[in-house]
Amino acid sequence: MGFYTEVYQRYAGFDLAAFLSSRTPDDVRQVLAREHLQPADYLTLLAPAAADCLEEMAQKARRITVQNFGRVIFLFTPLYLSDFCVNRCAYCSFNAGNKFSRTRLTLEQVEAEARAIAATGMRDILILTGESRQHNPVSYIKDCVGVLKKYFSSVCIEVYPLDEAEYRELVAAGVDGLTMFQEVYDPEAYARYHRGPKSNYHYRLDAPERSCRAGMRTVGVGALLGLAGWRREAFFTGLHAAYLQQRFWDVQVSISLPRLRPSIGGFQPEHPVDDRSFVQILLAQRLFLPRAGITISTRESPAFRDNILPLGVTKISAGSSTRVGGYARPDGAAPQFEISDPRSVAEIKAMLAARGYLPVFEDWQQWDRLATNLCS
């Protein structure tokens with residue numbers, strides 16, 4: 001049992017394309033009049049007809065976001081520990097077939113990175129590695145967490161999928177959050193893009209649920225936009241998040257909207273997602289999942305990130321580097337992908353303040369206390 005069996009397979013024989021093409025602007029407005037949305041309502045908001053109702057969707061999304069989160073934006077920084085990888089994912093610079101000098105940080109280098117990031121005021125960090133158990137075993141990740149907990153109140157991971165016992169081990173070491181992009185929910189497209197251990201679609205799909213059972217406090221899911229048709233991918237991403245919310249009520253579930261960026265190898269997406277379509281996804285997800293966090297990374301440009309903040313965003317990255325050792329040694333290893341928003345933490349903080357937002361540097365425990373105060 002799990003998301004694939006309990007939810008995904010319900011739609012195995014459902015003609016999503018026919019449903020989407022049958023929706024009208026009136027159908028969209030009827031959905032917008034409802035307080036609680038069902039999956040069919042969510043799919044209606046992803047339909048072509050909803051493109052004519054984006055302003056109405058945006059107005060409701062703004063209201064819902066303020067009601068549930070206030071004018072608060074959480075900040076985090078990614079830290080790449082290693083770029084060793086055994087997979088051959090078509091779209092990723094860390095692809096094992098790409099020839100460049102690979103790097104794994106020593107614990108002393110991890111501490112240097114931690115000091116450089118903490119000096120900016122950041123207290124929430126996301127650690128990433130390439131997918132190689134040989135070079136990046138759980139024991140190494142745990143040792144790095146031990147260093148990072150001295151500097152950060154929240155340490156989250158975005159690494160290869162683990163067994164439930166391994167997630168428990170990392171939770172005990174101080175990890176409190178997981179990000180796990182399925183990359184592509186369409187199994188056929190998934191098989192085309194992935195070679196190596198990552199080709200195990202179901203093991204990856206079930207990883208967020210294993211981490212929830214292991215005691216992870218925050219869990220984020222997402223599809224890599226550009227690898228398959230965005231309407232279908234956004235639909236199943238939303239259903240996955242809703243499934244986790246319903247099954248694990250005490251876990252803060254969030255969605256990320258990563259859009260493909262240039263990488264080594266020059267991969268070109270088969271299904272590029274333009275800004276208007278990206279906004280439609282964001283709005284539909286906020287309306288379907290009013291309590292879910294929504295993260296927008298530095299894959300997006302400064303102007304675009306700034307403008308979509310009111311539409312449902314709750315968390316953004318700042319002062320980011322996608323290079324291993326990219327903070328203490330900014331000219332070091334090759335990046336996983338090119339970022340679009342190079343602004344420093346101070347610049348992001350100033351932008352948020354100018355737009356009337358409270359930038360929060362602490363973890364989701366701080367949000368729990370803030371939410372209590374807002375509600376009272």
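Residues numbered from 1 in each chain as written. Predicted model: local features only at pLDDT ≥ 70, side-chain atom pairs only at ≥ 80, totals over all residues. Heavy atoms only, no water.

**Side note on the overall build of the protein chain**
Short version of the rule: Numbering of helices and strands runs from the N terminus; a helix is a DSSP stretch of H or I covering at least four residues, while a strand is a stretch of E covering at least two. Relative accessible area decides the class of each residue, using a 1.4 Å probe on protein chains only: under 20% of the type maximum gives buried, over 50% gives exposed, and in between gives partly exposed. Note on areas: Shrake-Rupley with a 1.4 Å probe; residue coverage comes only from the protein chains shown.
A count of helical and extended segments in the protein chain gives 16 helices and 9 strands. The C-alpha extent of the protein chain, read off along each of the three principal axes, is 60 × 45 × 35 Å. With 376 residues in all, the protein chain has 59% of them scored as buried. Put simply, the protein chain shows about 15,100 Å² of open surface, and 50% of that area lies on carbon and sulfur atoms.

**Some words on the pattern of salt bridges**
As a reminder, the rule being used: A carboxyl oxygen of Asp or Glu within 4 Å of a side-chain nitrogen of Lys or Arg is what we treat as a salt bridge.
Applying the stated criterion across every chain yields a total of 23 salt bridges. Across the pair Arg247 and Glu6 runs a salt bridge, and its minimum N-O distance is 3.6 Å. Remark: Glu6 occurs in helix α1 (residues 3–6) and Arg247 occurs in helix α12 (residues 230–247); sequence separation between them is 241 residues. Take Arg247: its relative accessible area is 42%, and that puts it in the partly exposed class. Judged by its relative accessible area of 23%, Glu6 falls in the partly exposed class. The partner of Glu56 in a salt bridge is Arg29, with the nearest N and O atoms 3.1 Å apart. Taken together, the residues span a long stretch of sequence, with Glu56 in helix α5 (residues 54–69) and Arg29 in helix α3 (residues 25–32) at a distance of 27 residues.

**Structural notes on helix α15 (residues 345–354)**
Short version of the rule: Think of the arc as the fan of directions from the helix axis to the C-beta atoms.
Those residues of α15 that fall on the buried side of the exposure criterion are Val345, Ile348, Met351 and Leu352. One side of α15 holds all its buried residues, which, seen down the axis, span an arc of 125 degrees. Relative to its buried face, α15 has exposed residues pointing more than 90 degrees away, namely Ala346 and Ala354.

**Things to note about the side chain of Glu111**
The test is simple: Pairs of N or O atoms within 3.5 Å make up the polar contacts considered here, provided that, within protein, one atom can donate a hydrogen while the other can accept it, and that residues adjacent in sequence are counted only when both atoms are side-chain atoms. Contacts are assigned to residue pairs with any non-hydrogen atoms lying within 4.5 Å of each other.
Position of Glu111 among the secondary structure elements: in helix α6 (residues 107–118). When its relative accessible area of 18% is taken as the criterion, Glu111 is described as buried. Looking at Glu111, its side chain comes within polar contact range of the side chain of Lys150, at 3.0 Å. Contact partners of Glu111, with chain neighbours within four places excluded, come to Val147, Lys150 and Tyr151.

**Quick look at α3**
By the burial criterion, the buried members of α3 are Val28, Val31 and Leu32. Buried positions in α3, seen along its axis, are confined to an arc of 100 degrees and lie on one side of it. Buried residues along α3 sit in contact with α4 (39–45), α5 and α13 (275–288).

**Description of the pairing of strand β2 (residues 124–129)**
To keep things clear, this is the line we draw: Strand pairing is defined by DSSP finding a minimum of two bridges between the two strands. Crossovers are marked right-handed if the path from the first strand over the helix to the second runs clockwise, as seen with the strands pointing away from the viewer.
Of all 6 residues in β2, 6 are buried, a share of seventy percent or more. The pairing of strand β1 (residues 72–82) with β2 spans 5 bridges and is parallel. Bridge pairing links Tyr80 to Leu128 in β2. This β-α-β element, β1 to α6 to β2, shows right-handed connectivity. In the sheet, β2 pairs with strand β3 (residues 154–158) via 5 bridges, with the strands oriented parallel. Within β3, the residue paired with Ile127 across the bridge is Ile157. Since β2 and β3 lie parallel, the crossover through helix α7 (residues 138–148) that links them has a hand, and here it is right-handed.

**Quick word on the side chain of Asn87**
Inspection of the secondary structure assignment puts Asn87 in the loop between β1 and α6. You can call Asn87 buried: its relative accessible area is 1%. Residues contacting Asn87, with those up to four places away along its chain left out, are Phe94, Asn95, Ala96, Glu131, Arg195, Gly196, Pro197 and Lys198.

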